[in-house]
Structures are given as C-alpha cells and as structure tokens.
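Here are the chains, one letter per residue:
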Amino acid sequence: MTRIALVTGANQGLGFALARGLAARLAPEDLVLLTGRDAGRVASAASAVAADPATRSRVEGRVLDVSDAAAVARFAEPVDIVLSNAVGPLDPGRPQAEQADVFLDVANGGTHAVLRSFGPALRPGGRLLVVASSLGTLGHLPEPLRPRFDGVSLDEVEKAVEDWRAAIHGGTAAEPGWPDWINVPSKVAQVAAVRAVAAERRDRDLADGTLVAAVCPGLVDTRASRPWFSDFSQAQTPDEAARAVLDLVFADVDPATYGELVRFGQVLPWRGGSPARHAGLIG
C-alpha cells in the first residue's frame, strides 16, 4: 500500500531536512507532502527534494497554513506519517508581546489543529510526531502553573494557552509567573497537547503499532535558533537533527515512548526541568 507522509513547516531548516530524509527512506510508490505557508518557497523546496539524488519517493509541495484550523481540517486525508514542525518567527530584538499572536497561532494553534484533524486520519501503524523541545517538560514552569497542563484534555490545554495569551496582552503575565521567554510555555503546551491526545487513544494505538509522541531534536543550527543562543559548538545541522527523529519514525513502537517527549530515542521525564531564563537553556 502506498504510504503518505506529511511534513509541516518544511520549506527550510529542520522541516526541509525531515522531508528530504523521508523521501530518501520511503519507497518509490510512496508520497511525501512538503507543506508551508509560502507557495513560492514550498514549490522551490519540493523541487529541491525531488531533484536530490538520494530521493526515492514521490514528492509534492502543498500550501498549508497550520494556524488556520479550518484549512488544516480541509487538508486532512488518510496518512501514515505526520511530522508537525511549523513554528512562528520570534525576534529577540522586539518585545515578545508584539509577537505572541503569530508565534502562538503557529506553534500552538498549529499543533492543536494537526492533532485534531490528522489524529483521526492517521492510518493504523502510523506515526504522528510533534517537534517540540526539551523546554517542553513541565518543570520549566513555576509550580503554580503546572496544573494547567498536567493530566488535562486538549480543550483545557487550548484554554490555558488562550488565558496566557490574554495575560500577555493585558500586561499581567508576570503575576502568576508565566516565563518571560514565550518559547517555554509554548513548548510545554505543545507536549501537553500531545499527551492529552495520546491518553485518549493509547490502548488502541499500541495494539496496532501506531505512535503519537512529541520529539526534541536537540539544538539545531538554524536561522530561527541563532539569535537566541550564544554557544553553537554542540549544535547539529538540520540533516543531523532530522536523523534521530526519522529513526523514531521508522523504528518499531516502544510503548515507553508513546505519548511522551523523546530526545535521541530516550524519554525526557514529563515533570523534569526547572524554571530558568532563556540564557540558561538549550532546546
């Protein structure tokens, strides 16, 4: 049977590397759907992957804005592999409150939309992985905020994100302890969303070899990460970072990884981490 793989945010950086890696590992009859918001960049990226000598599968570029939940729902079709990688821009030179809406709409709204629309469309034995970060463990939030994301439903995760967004715009986010760097709660919310969906379908998925999980690719040297970290001596190239993610895609399902945040094949404890400013974190 033809396998269909979808990668969001795939026109550059890690997403492009994931699409290229899938195209190299899948069979000639399989299809990789490389998606992004900009039609020109998507077309260029799809052409580049298709022309790569290592590519074995078919490759098509599709325009998809994951911040538009209705568009994601219309796009959803039966798939075997979904790699949710889209992320909004975040500039350290601008106040983060000015950037919160675009960032959260893509990183969190996009994650929620993909989980809601492609979760039901995932074929038995499929893989649905949300690219997150080691910042996505619960301990990176102050303790009073942790119940908003721990053992809750996807609806409750969405409500927590919207309450946080309102607090950012209202200038009250510091009062309950929301971290200054909006990437931290965003990543925790991404992992919490995965955990919420996985909790509802765990038994059925494990019975047919399906995996739903979050993945941390480690520190990746990309245009998006460069402004936030001063030391890139241990950073990976996008192709290097994609390798471990794709190894998880093509490996047999380990029940210990189901619904968890996985980095280089190992589960990161959900309640691990501690509150810290971005200067002390590597994601």
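Residues numbered from 1 in each chain as written. Predicted model: local features only at pLDDT ≥ 70, side-chain atom pairs only at ≥ 80, totals over all residues. Heavy atoms only, no water.

(A) Structural detail: the packing of aromatic side chains. Summed over all chains, the structure comprises 3 aromatic pairs. Taking 6.1 Å as the distance between ring centres and 85 degrees as the angle between the ring planes, the aromatic pair formed by F149 and W178 counts as edge-to-face. Of the two residues, F149 sits in the loop between β5 (122-131) and α5 (154-170) while W178 sits in the loop between α5 and α6 (183-208), which places them 29 residues apart along the sequence. Residue F149 is classed as buried on the basis of its relative accessible area, which comes to 2%. Relative to W178, the ring of W164 has its centre 5.4 Å away and its plane inclined at 25 degrees; by these criteria the two rings are stacked. Of the two residues, W164 sits in helix α5 while W178 sits in the loop between α5 and α6, which places them 14 residues apart along the sequence. Each member of the pair W164 and W178 is classed as buried. Chaining the aromatic ring pairs together yields one cluster made of F149, W164 and W178. (Phe/Tyr/Trp six-rings, centres within 6.5 Å; stacked < 30°, edge-to-face > 60°. Helix = DSSP H or I, 4+ residues; strand = E, 2+ residues; numbered from the N terminus. Buried < 20%, exposed > 50% of the residue type's maximum accessible area, 1.4 Å probe, protein only.)

(B) Layout of the pairing of strand β1 (residues 4-7). Neither face of β1 is open: one carries I4 and L6, the other A5 and V7, and all of them are buried. Both β1 and strand β2 (residues 31-36) contribute to a ladder of 4 bridges, which runs parallel. Counterpart to I4 in the pairing with β2 is L31. A crossover links β1 with its parallel partner β2, the connecting element being helix α1 (residues 13-25), and its sense is right-handed. For β1 and strand β4 (residues 79-84), the ladder comprises 3 bridges, and the chain directions are parallel. Bridge pairing in β4 places L6 opposite V82. (Pairing = 2+ DSSP bridges. Right-handed = clockwise from strand over helix to strand, strands pointing away.)

Shape descriptors only; they carry no functional weight alone.
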